[in-house]
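# Coordinates in review
The chain contents come next:
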Amino acid sequence: MEKFHVKKDDQVVVIAGTERGKRGKVIAVLRKKHRVIVEGVKIIKRHQRKSQQHPEGGILKREGSLHISNVMRAETYDARAARRAGAGAPQPA
């Protein structure tokens, strides 16, 4: 079984793609497809036919999946941003 850098309930930041910069909690990790589902990111609309589970039918909104390489753990991202901000300052002589 392959090991990934994120797991369920981790806080992550999207680092690539149309949703770049968004943060959220990992809802699920799809191991076979190398993808993750992040809360509030990559919202897709699903047209649902009327059924017993959904008697009114309609358009449901839910999260789509992102490739696991396009997300980074939030604490790692924040630490990297802090290091980069400090690197630009001139050193005292």
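As a starting point, this report considers the structure included with it. Here the structure is a predicted model, which is why all the values come from computation and not from measurement.

### Considering the overall build of the chain
When helices and strands are counted, the chain shows one helix and seven strands. Its helices and strands taken in sequence order, the chain reads β-β-β-β-β-β-β-α from the N to the C terminus. Computed over C-alpha atoms, the radius of gyration of the chain comes to 18 Å, more than 25% over the 12 Å expected from 2.2 N^0.38 for 93 residues, which places it beyond the range of a compact globule. With the C-alpha coordinates aligned to their principal axes, the bounding extent of the chain is approximately 75 × 30 × 20 Å.

### Re the sheet that holds strand S7 (residues 71-73)
The five strands lie next to each other as S6-S3-S2-S1-S7, forming an open sheet whose pairing is antiparallel. Strands with a single pairing partner mark the edges of an open sheet, and in this sheet they are strand S6 (65-67) and S7. Within this sheet the neighbouring strands show an average axis-to-axis angle of 50°, counted without direction. Both strand S2 (residues 23-30) and strand S3 (residues 35-38) contribute to a ladder of four bridges, which runs antiparallel. The partner of alanine 28 across the bridge, within S3, is isoleucine 37. Together, strand S1 (11-14), S2 and S7 form the strand contacts of helix H1 (residues 74-87), whose direction differs from that of S7 by roughly 85°.

### Let's talk about the side chain of aspartate 10
Along the chain, aspartate 10 turns up in the segment before S1. Look at aspartate 10 and you get buried, because its relative accessible area is 11%. Among all residues touching aspartate 10, those that are not within four sequence positions of it are His5, Gly24, Lys25, Val26 and Arg73.

### Some points on the environment of isoleucine 37
You can see isoleucine 37 is positioned in strand S3. Judged by its relative accessible area of 19%, isoleucine 37 is buried. The spacing of isoleucine 37 and leucine 60 is 23 residues in sequence and 16 Å in space, taken between C-alpha atoms. Excluding its chain neighbours within four sequence positions, the residues that come into contact with isoleucine 37 are Lys25, Val26, Ile27, Ala28, Leu30, Glu63, Gly64 and Ser65.

### What to know about the pairing of S2
Looking at chain direction, S1 and S2 are connected through three bridges and run antiparallel. Paired with valine 12 across the strands is glycine 24, a residue of S2. In this antiparallel pair of consecutive strands, S2 and S3, the connection spans four residues, and histidine 34 shows a positive phi of 55°.

### Quick word on the nonpolar core
Formed by Phe4, Val6, Val12, Val14, Val26, Val36, Val38, Val41, Leu66, Ile68 and Val71, the largest nonpolar core amounts to 11 residues. Of all the secondary-structure elements, those providing two or more residues to this core are S1 and S3. Filtering out sequence-adjacent residues up to four positions away, valine 41 remains in contact with Val14, Glu19, Lys22, Arg23, Glu63, Gly64 and Leu66.

Scoring rules and cut-offs
- Positions within a chain are numbered from 1, following the residues in the order the chain's sequence is written.
- Local features in this predicted model are restricted to residues of pLDDT 70 or higher, and side-chain atom pairs are both shown and tallied only at a pLDDT of 80 or more, whereas totals for entire chains, interfaces and linings draw on every residue.
- By convention in this description, side-chain values take in all heavy atoms of the structure and omit both hydrogens and water.
- By the criteria applied, helices consist of DSSP H or I runs no shorter than four residues and strands consist of E runs no shorter than two, each listed in order from the N terminus.
- The globule rule used for comparison is 2.2 Å times the number of residues to the exponent 0.38, while the radius of gyration itself is calculated over C-alpha atoms.
- If DSSP finds at least two bridges between two strands, the strands pair.
- For every element, the axis is a line fit to its C-alpha atoms; helices are fit only across the contacting stretch, and the angle between N-to-C directions ranges from 0 to 180 degrees.
- Between two residues, a contact is recorded if the distance between any of their heavy atoms is within 4.5 Å.
- Exposure classes here rest on a 1.4 Å probe applied to the protein chains alone. A residue is buried below 20% of its type maximum, exposed above 50%, and partly exposed in between.
- Note on terminology: a nonpolar core comprises buried Ala, Val, Leu, Ile, Met, Phe, Trp, Tyr and Cys residues joined through side-chain atoms within 4.5 Å.

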